[in-house]
Each structure stands twice: as structure tokens, then as C-alpha cells.
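Given next are the chains, with one letter for each unit.
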Amino acid sequence: MDFMALEPSLYTVKSVFILDNDGNRLFSKYYDTELYPSMKEQKNFESNVFNKTHKADNEIAFLEGMTIVYKSSIDLFFYVVGSAQENELMLMLVLNCLFDSLSQILRKNVEKRCLLENLDGVFLVVDEIIDGGVILESDPQQVIQKVNYKVDENPLSEQSVAQVLQSAKEQIKWSILK
């Protein structure tokens, strides 16, 4: 028996991706470039995962030697992928942190349209939770605090010119201070 394969590793997450209810990619990040090196291989893997999971009522799937945890919401499917011997609870912790953080950013509107409008926030959240496949954070409150992502109370179309200018001044001031 090869004990090197069972040796624990910090590199827990192989990939994270979000698909719509048709299986189209909205977001993906692969941390193990040797696993699926080309875009075609990644999309093929995502398609296989979606076909196996989109009608299932489970939370865990095993496919192509990978452990996959997933969750759906309205018209989105969230996936976190780890190796075959990875602890499902650790992967589920990442998935729940991702979902809960995005739920707060999107104001409980976890749906395709809102996700696409706030895609920059999705990238920030994922980068705060995972770095290079290593889990950095699993508490959604900490992620939101670190990201410091603000969704405007009023969209620009409903704000006065003075409010928009004030908001821009505050953002510039904070970016200079950081």
C-alpha cells in the first residue's frame, strides 16, 4: 500500500465552479492545473459533473476519482471538488462558507442575474476562502469582513448626482488609505 498517497495535505480543494441550471459555466477556478490543464477538459469535466448531479438530491458525488460536494439555489449549482481521499466535511465547510458569503453579498438573492451583476464580489469571496487550493477561511462573517464588499443601498440610477460623487470620493479616499 502506498502511504504517500494517504499523507495529509493542505491543498484540499482542486476546483470550485458555479454553473447555471443549463450546465453553463458562470464561474470556475481550478487550483490543480495538472488535473484538467485545458479549457476543453475543464468544461468536459463540469458537464459530466452537472449531468450526474443536477437531478440528484444528494450533496456528495464521486466522479473521475474526485470527491464533489454541491448545492443548488434557484437557478445555480455550486460545486467544490477535492481528491478522492479528501474529507467531505472539509469540502462541505468550504461550500457552505462560499454559499453563505455570497448569500450575504447578494442580499439573499442567490440567483444567476444577481450573481452575474456582482461577479467581482464572487471572485473576492472565493479568493478569501481558498488560496491555491488551501482553505484559508471557513467563517462567512470573516470573509465578508475581509472582503469589505459593499452592495449599494440604492443603484446609481436612483441616486442623485451629489450622492454618486460622495460615494466616489469615499471609495477613492479608502483606496488611498489602504
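Residues numbered from 1 in each chain as written. Predicted model: local features only at pLDDT ≥ 70, side-chain atom pairs only at ≥ 80, totals over all residues. Heavy atoms only, no water.

Chemist: Is there a simple way to think about the packing of aromatic side chains in this case?
Modeler: Two descriptors summarise a pair of aromatic rings, namely the distance from one centre to the other and the angle between the planes of the rings. The tally for this structure, following the rule as stated, stands at ten aromatic pairs. For the ring pair Tyr30 and Tyr36, a centre distance of 6.3 Å and an interplane angle of 75° mean the geometry is edge-to-face. We classify Tyr36 as buried; its relative accessible area is 9%. Look at Phe50 and Phe77: their rings are 5.4 Å apart centre to centre, the planes differ by 85°, and that puts the pair in the edge-to-face class. Taken together, the positions of Phe50 in helix α1 (residues 39-53) and Phe77 in strand β5 (residues 76-83) put the pair 27 residues apart, joining distant regions of the chain. Of the two residues, Phe50 and Phe77, neither departs from the other in class, the shared state being buried. Ring pairs connect the aromatic residues Phe17, Tyr30, Tyr36, Phe45, Phe50, Tyr70, Phe77 and Tyr79, which therefore count as one cluster. (Phe/Tyr/Trp six-rings, centres within 6.5 Å; stacked < 30°, edge-to-face > 60°. Buried < 20%, exposed > 50% of the residue type's maximum accessible area, 1.4 Å probe, protein only. Helix = DSSP H or I, 4+ residues; strand = E, 2+ residues; numbered from the N terminus.)

Chemist: What is the right way to look at the nonpolar core in this model?
Modeler: Soluble globular proteins tend to bury their nonpolar side chains together. If you look at the biggest cluster of nonpolar residues, it comprises 31 residues, and the most contacted ones within it are Ile18 and Phe78. Secondary-structure elements contributing two or more residues to this core are β1 (13-20), β2 (25-30), β5, α2 (88-105), α3 (112-117), α4 (119-129) and α5 (140-147). The biggest single contributor to this core is α2, with nine residues. In contact with Ile18, not counting residues within four places along its chain, are Asn24, Arg25, Leu26, Phe27, Leu76, Phe77, Phe78, Leu102, Leu115 and Val122. Of all hydrophobic cores here, the second largest spans 15 residues; its members include Phe45, Ala61, Leu63 and Tyr70. (Core = buried A, V, L, I, M, F, W, Y, C linked by side-chain atoms within 4.5 Å. Contact = heavy atoms within 4.5 Å.)

By themselves, these figures tell us nothing about what the structure is for.
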